[in-house]
Each structure stands twice: as C-alpha cells, then as structure tokens.
Amino acid sequence: METTEAFVGLTCVDCGETFDAETATHRCPDCDGILDPEYDYDRIDLTPETLDSRPDGSMWRYAELLPFPAETAVSLGEGATPLVECPALADAMGVGRVLLKDEGANPTGTFKDRGQSAAMTAAREHGASEIALNSAGNAGQAAAAYAARAGLDAHVFLPSRAGFTQKAMTEVHGAALTVTDPVDGNSQIGDAGKAYAEAMDEHPEWYSTKTFVTPYRHEGKKTMALELLAQLDWNPPDAVVYPTGGGVGLVGMHKAAREARELGWTDELVPMYAAQAAGCAPVVDAYESGAERHEPLADDEVDTACNGIAIPDPGASHLILEAIRESDGGAVATTDREILDAAIEVARAEGLEMGATCAAAASGAFALAESGEFGPDDTVVLLNTGAGNKDVDALRAHLGEREAEAAE
C-alpha cells in the first residue's frame, strides 16, 4: 500500500487507538468507532508559498496532507472548484462579502467526488474488486463514476426519493443499482441503509465506501477548506455556511482548518455553520439544546423535499457539533420554501446555480444575517455542494407554485 510520508495510520475518534492503514480498512477493530487518518505534521515540509506555486489541477495538489500520493490516486480531476464573488447577495445580507464555493463544478456535479476519489483510491490500494454503499443519491452516482475509473464493480443502494439524475447516472456508469421501496410510499435513506447492510452480510468481500465507514471520504472532502483558504490568501473567512445532512464535508473542512493552524499557515480556525432543512434538523436541534449528540428522527418524521440533507440519523453528529462549537460557528434551520426561494434568488441575482438541497446554505446565511450573527464587514462563504441540475424538478415545481400564487 503506497502512502504519503506523513501519513502514520488511522486513529479511532472514540477509543484513541491508532492502527496500521494496511490492516485496518474501515471501522475501529477494537470498539467499532470512526477511524480518522493521522499524520506526523513534523514530516510535512510544505508552505503556502509552495502550494500557491502549484497548478490547480485537482484536490491532489494537497497530497502531502492526504493519505495517498497523487500518482496513485483514482482521479477524474475533482477539486479546484471556483470561489465566486456575490456582491448582490452581500448587499442583501448586509455583510462585507459573500463568496460561493461552487462544488457543482466537480466531475459528477457534487463535492461527493472528492470523498469518493480518496475512498476509491483506498479500495484499489487494498486490492478490492467490488465496492458498495448506500446513499441519498449523489454519493452513489459519484461512487459509480469513480469505481468505473478504478476498474471496480460497484453496488449502490438508493432510496426511491433519490433524484432521477442520480439513479440514471449510477446505472450509466455501470453500477448495480438497488432502489429500495417500502410497502407504503417513498423509501428513505434508512431503507437504503438496511438493504445495504443485508447485502454486506451476504457479501463480506465487498469493500464499503459508505460515509464514516471508510475513513477516507471526509479526508478527501477536507480539501475544500484547503482550497478555500488558498483562494483567500490563507485568511480565514468569518463564516462558512454548509448544507448539512451527514456532515462529512463539514467535519473534513474543520479538520483541514485545524491542520492549517497546526502547520502555521493560519492563525485562526474557520467558523463552520451547519444549515439544515426545518423538516429534518437533528443537528440544529442538538446544537440549540446543548447536547453532544443528536436525537434520531423516525423516517416518518422527515418532512422536507431536500433529499440530499434528509438524513434523520447522522452517525457522526458528535463530530459535527464538536466542529461548529470549536470553530465558534453555529447551526440554523430554514423551511423548504425559504431554501427553494434562496436557490431562485441566487440564480437570478448572481447567475449561479445551486441545487435545491444546497440552497440551505444560502437560506441559512440569510437567516443568520437577519438574526445579527454576521457583521457589516464579515466575509461569508456559501458552500454550494452540488449543481443546480441535481434537483431541477424541485426547483421548477417551486417556481411554478410561486408563479401560480402571484397570478391569484
């Protein structure tokens, strides 16, 4: 297994034990906790100036802070996404700057590509021939694409509520797709998870690239923060508002911000704000109550059209809550109508396309600004985790409803 010089193994976030990455492939062998890639930062001889001199080819520009060298990566050119100035949104929010980090520019149209690039690299390094995961939609599509790139067979389990684009492209990339349907209506992410677990019991040789089962998805996504800091000349913004379901990217970005501070590249952490839909907001509820972990919602309690963040039981909520508290961030929930309205406002005011789910970041930022959370000189970053065409049906339907209301 070829790894980078500073990568020393996988440390369990629960029991603290560290394991060799060649033998520990997924959860902690001792306590089944989440494993996190660990580095000896004294071995990293790298400066922002050196990074800034490199071409922006992909997220593997930051390979010294990743487990695998760039030359071994399963890559489609993910990362190096634009950070776009949004002056109209800044005026509307009453802040100094609003910037949109557009992850819709990734190969399959979402930030999931970063995590699957790292996870699929690990799968190939471990000698896997077949991978599997359940997903709300985008991660399944990304896994199918990266498995094809790696020459691996993929088994993807999606709920029926996943978008048509995600289902279709998962099959176009050649993955074996299972869409789970309960007896009485649309299936949820939990139904897909049960089907995945049953299949894994039958096929223990399949290599999982599921969220926080593989240690590498949040590791790939941490490059969003490294890119963001580089794009801001290593000056942390005052807020990153992040549409949060499982929270993998938020946890990864916070880790990268801590690493940048550890290496002396920045003086401060990046304040992270979790934005959720009011119809499925377990992280916001936990944050507001002062809890260290969320209370899971039942599937029938989920009431949101925002498929990508309709995660009633995020398995790493303690890491999400730790990140937003340690970074002096926060959490906010807005209604579906506010989220979809925000997606349309961003498209019309700035010409930028946000997925309906992703627009939770925009509506959340508006709510935070209105509550006085941001100052008039603050720089606020919206993390657009996916392209607008991922949820085009939801956006068009909402636009039609608004037009019908206006005509009455």
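Procedures and definitions
- Sequence positions are assigned chain by chain, starting from 1 and proceeding in written order.
- Since the coordinates come from a predicted model, pLDDT governs what is reported: local features require at least 70, and pairs of side-chain atoms require 80 or more to be given and counted, while whole-chain, interface and lining totals use all residues.
- With hydrogens and water set aside, each side-chain value is computed from the structure's full complement of heavy atoms.
- UniProt positions are given in the numbering used here, feature names are shortened, and annotations may be inferred rather than shown by experiment.
- Patches draw on residues past 30% relative accessible area with no salt bridge. Two like charges within 9 Å are joined, as are two nonpolar side chains (Val, Leu, Ile, Met, Phe, Trp, Tyr) within 5 Å.
- The accessible surface values rely on the Shrake-Rupley method and a 1.4 Å probe; as for residues, cover is taken only from the protein chains in view.
- In the sections that follow, a salt bridge refers to a side-chain nitrogen of Lys or Arg positioned within 4 Å of a carboxyl oxygen of Asp or Glu.
- The positive count covers Lys and Arg only, the negative count covers Asp and Glu only, and His and the chain ends enter neither.
- By convention, charge coordinates are those of NZ in Lys, CZ in Arg, CG in Asp, or CD in Glu.
- The helix and strand labels rest on DSSP assignments: H or I over at least four residues marks a helix, E over at least two residues marks a strand, and numbering proceeds from the N terminus.
- For every residue, the accessible area (1.4 Å probe, protein chains only) is compared with the maximum for its type, and the residue is labelled buried under 20%, exposed over 50%, or partly exposed between those bounds.
- For two strands to count as paired, DSSP must find a minimum of two bridges between them.
- Lines fitted to C-alpha atoms define the axes here, with helix axes fitted over just the stretch in contact, and angles between the N-to-C directions of these axes take values from 0 to 180 degrees.
- Here the word oblique covers every angle except those under 35 degrees (roughly parallel), over 145 (roughly antiparallel) and from 65 to 115 (roughly perpendicular).
- The crossing is said to be left-handed when, going from far helix to near helix, the turn is anticlockwise and less than a right angle, and right-handed when the turn is clockwise.
- Note on definitions: a residue-residue contact is assigned when non-hydrogen atoms from the two residues lie within 4.5 Å.
- Domain delimitation follows an automatic or database domain assignment.
- Joining two parts hides part of their accessible area as seen by a 1.4 Å probe, and the buried area is that hidden amount summed over both.
- Aromatic pairing here means that ring centres of Phe, Tyr or Trp (its six-membered ring) are within 6.5 Å. Orientation follows from the plane angle: under 30 degrees is stacked, over 60 is edge-to-face, and everything else is tilted.
- Only a pair of cysteine sulfur atoms within 2.5 Å qualifies as a disulfide here.

- Naming follows an unreviewed UniProt entry, where the chain appears as Threonine synthase of Halorubrum tebenquichense DSM 14210.
- The UniProt entry for the chain carries the following text under Cofactor (unreviewed entry): "pyridoxal 5'-phosphate".

**Considering a negative patch on the surface**
For step 1, the next point in the chain: Judged by side-chain charge, D238, D267, E268 and D377 come together as a negatively charged surface patch.
For step 2, the next point in the chain: Secondary-structure assignment places D267 in the loop between α9 (248-262) and β11 (272-277).
For step 3, the next point in the chain: Its relative accessible area of 72% is what places D267 among the exposed residues.

**Some points on the sheet that holds strand β10 (residues 239-243)**
For step 1, the next point in the chain: On the basis of which strands lie adjacent, the open sheet formed by six strands has the order β4-β5-β13-β10-β11-β12 and mixed pairing. One side of each edge strand has no neighbouring strand; the edge strands of this open sheet are β4 (83-85) and β12 (330-334). The average angle at which neighbouring strand axes cross in this sheet is 25°, direction not considered.
For step 2, the next point in the chain: When β11 meets β12, the two strands line up parallel, connected through five bridges. Bridge pairing in β12 links A275 to V332.

**Remarks on the packing of helix α8 (residues 223-231) against α9**
For step 1, the next point in the chain: Interhelical geometry of α8 versus α9 gives an angle of 50° and a closest axis separation of 7 Å. Taken together, α8 and α9 sit at an angle that is classed as oblique. When the axes of α8 and α9 are compared, the crossing they make is right-handed. Counting all contacts with α8, which are made through M224, A225, L226, L228 and L229, the residues of α9 involved are G249, M253, A256 and A260.

**Notes on the domain arrangement of the chain**
For step 1, the next point in the chain: Each assigned domain of the chain is listed here: domain 1 (83-109 + 215-406) and domain 2 (129-205).
For step 2, the next point in the chain: Each of domain 1 and domain 2 was reduced to a C-alpha centroid, and the two centroids are 25 Å apart.
For step 3, the next point in the chain: When the two sides are added together, the surface that domain 1 and domain 2 hide from each other amounts to roughly 1100 Å², 45% of it contributed by carbon and sulfur.
For step 4, the next point in the chain: Looking only at domain 1, the three residues that lose the most surface to domain 2 are T108, N307 and K390, adding up to 46% of its buried area.
For step 5, the next point in the chain: The interface formed by domain 1 and domain 2 contains zero salt bridges.

**Quick notes on the packing of aromatic side chains**
For step 1, the next point in the chain: In this structure the tally under the stated criterion is seven aromatic pairs.
For step 2, the next point in the chain: Ring geometry for F68 versus Y216: centroids 5.3 Å apart, planes at 45°, classification tilted. With a gap of 148 residues between them, F68 in the loop between α1 (48-52) and β4 and Y216 in the loop between β9 (207-208) and α7 (217-221) connect regions that are remote in the sequence. In terms of burial, F68 and Y216 fall into one category: buried.
For step 3, the next point in the chain: Taking 6.4 Å as the distance between ring centres and 70° as the angle between the ring planes, the aromatic pair formed by F157 and Y196 counts as edge-to-face. Of the two residues, F157 sits in strand β7 (residues 153-159) while Y196 sits in helix α6 (residues 189-202), which places them 39 residues apart along the sequence.
For step 4, the next point in the chain: Classification of Y196 by relative accessible area gives buried; the value is 8%.
For step 5, the next point in the chain: Through a chain of ring-to-ring contacts, the aromatic side chains of F7, Y39 and Y41 assemble into a single cluster.

**Focus on the sheet that holds strand β8 (residues 176-180)**
For step 1, the next point in the chain: Taken in spatial order, the four strands line up as β8-β7-β6-β9 in an open sheet, and their pairing is parallel. The sheet is open, and its two borders are formed by β8 and β9, each paired with just one other strand.
For step 2, the next point in the chain: Where β7 and β8 come together, five bridges link them in parallel fashion. In the sheet register, L158 faces β8, and the bridge partner there is V179.
For step 3, the next point in the chain: Sheet contacts for helix α4 (residues 138-150): β6 (130-134) and β7; angle to β6, the most-contacted strand, approximately 170°.

**Notes on the state of the cysteines**
For step 1, the next point in the chain: Scanning the model with the defined rule gives zero disulfides in all.
For step 2, the next point in the chain: Looking at the unpaired C12, the closest cysteine sulfur is the one in C31, lying at 3.4 Å.

**A look at the pairing of β10**
Along a regular strand, successive side chains alternate from one face of the sheet to the other.
For step 1, the next point in the chain: Along β10, five of the five residues are buried, which leaves the element largely enclosed by surrounding structure.
For step 2, the next point in the chain: Judged by which residues are buried, β10 turns out to be covered on both faces: A239, V241 and P243 on one side and V240 and Y242 on the other are all buried.
For step 3, the next point in the chain: Across three bridges, the pairing between β10 and strand β13 (residues 379-384) is parallel. Residue pairing in the sheet places V240 in a bridge with V381 of β13.
For step 4, the next point in the chain: Summarising the sheet, β10 and β11 pair through four bridges and their orientation is parallel.

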